[in-house]
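Survey of secondary and tertiary structure
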Amino acid sequence: MALKNIVVGGFTKEQREKELERVKTKYEKKGYKFLKYLDNGTLKSVAVFEVSASIIRKERSAQLLVLGFGFLIISAILYFKSMNIN
């Protein structure tokens, strides 16, 4: 299990509490477990979640798939542009 800090932004305490509830529901749907909330001000407030290694691996693989797909699209565009120049 690993700890993950999520920044909770808001100018007022009420905005940060509303944002905290939104962040909690979003990450609990992903399988994160909420541990505590540290209110340190506007952009320094943090919600601390506990997450398993399998969820981290799953998120990392999804990010790599999106990155790879984007690279393939850019490569195809550059390839076809170079074919049309000649």
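Look above for the structure.
Predicted model only: the values in this text are computed from it and were never measured.

Moving on to the nonpolar core. Ranked by size, the top nonpolar core spans 10 residues in total: I6, V8, L20, V23, Y27, Y32, A47, F49, V51 and I55. When residues of this core are traced back to their parent elements, those giving at least two are α1 (13–29) and β3 (46–51). Beyond its immediate chain neighbours, meaning those up to four positions away, V8 contacts R16, E19, L20, Y37, T42, S45 and A47.

This brings us to the side chain of R16. In this structure, R16 sits in helix α1. For R16, a relative accessible area of 9% gives the class buried. Only 3.2 Å separates the side chain of R16 from the backbone oxygen of G10, close enough to count as a polar contact. Ignoring anything within four residues of it in the chain, the contact list for R16 reads V8, G9, G10, F11, Y37, D39, G41, T42 and S45.

On to the environment of S54. As for its position among the elements, S54 is in helix α2 (residues 53–85). S54 sits in the partly exposed class, given a relative accessible area of 42%. The spacing of S54 and M1 is 53 residues in sequence and 9.2 Å in space, taken between C-alpha atoms. Engagement of the side chain of S54 in a polar contact is seen with the side chain of S52, the distance being 3.2 Å.

All right, on to the packing of aromatic side chains then. Evaluated as defined, the whole model comprises 5 aromatic pairs. Measuring from ring centre to ring centre gives 6.0 Å for Y32 and F49, while their planes differ by 80 degrees; the resulting arrangement is edge-to-face. Of this pair, Y32 sits in the loop between α1 and β2 (33–38) while F49 sits in strand β3, and the two are 17 residues apart along the sequence. Per residue, the accessibility class of Y32 equals that of F49, and both read buried. Geometrically, the ring pair formed by F34 and F49 is edge-to-face, given 5.5 Å between the ring centres and 70 degrees between the ring planes. With F34 in strand β2 and F49 in strand β3, the pair connects residues that are 15 residues apart, well separated along the chain.

Reading the values: rules and limits
Residues numbered from 1 in each chain as written. Predicted model: local features only at pLDDT ≥ 70, side-chain atom pairs only at ≥ 80, totals over all residues. Heavy atoms only, no water. Core = buried A, V, L, I, M, F, W, Y, C linked by side-chain atoms within 4.5 Å. Buried < 20%, exposed > 50% of the residue type's maximum accessible area, 1.4 Å probe, protein only. Helix = DSSP H or I, 4+ residues; strand = E, 2+ residues; numbered from the N terminus. Contact = heavy atoms within 4.5 Å. Polar contact = N/O pair within 3.5 Å; in protein donor to acceptor, adjacent residues only side chain to side chain. Phe/Tyr/Trp six-rings, centres within 6.5 Å; stacked < 30°, edge-to-face > 60°.

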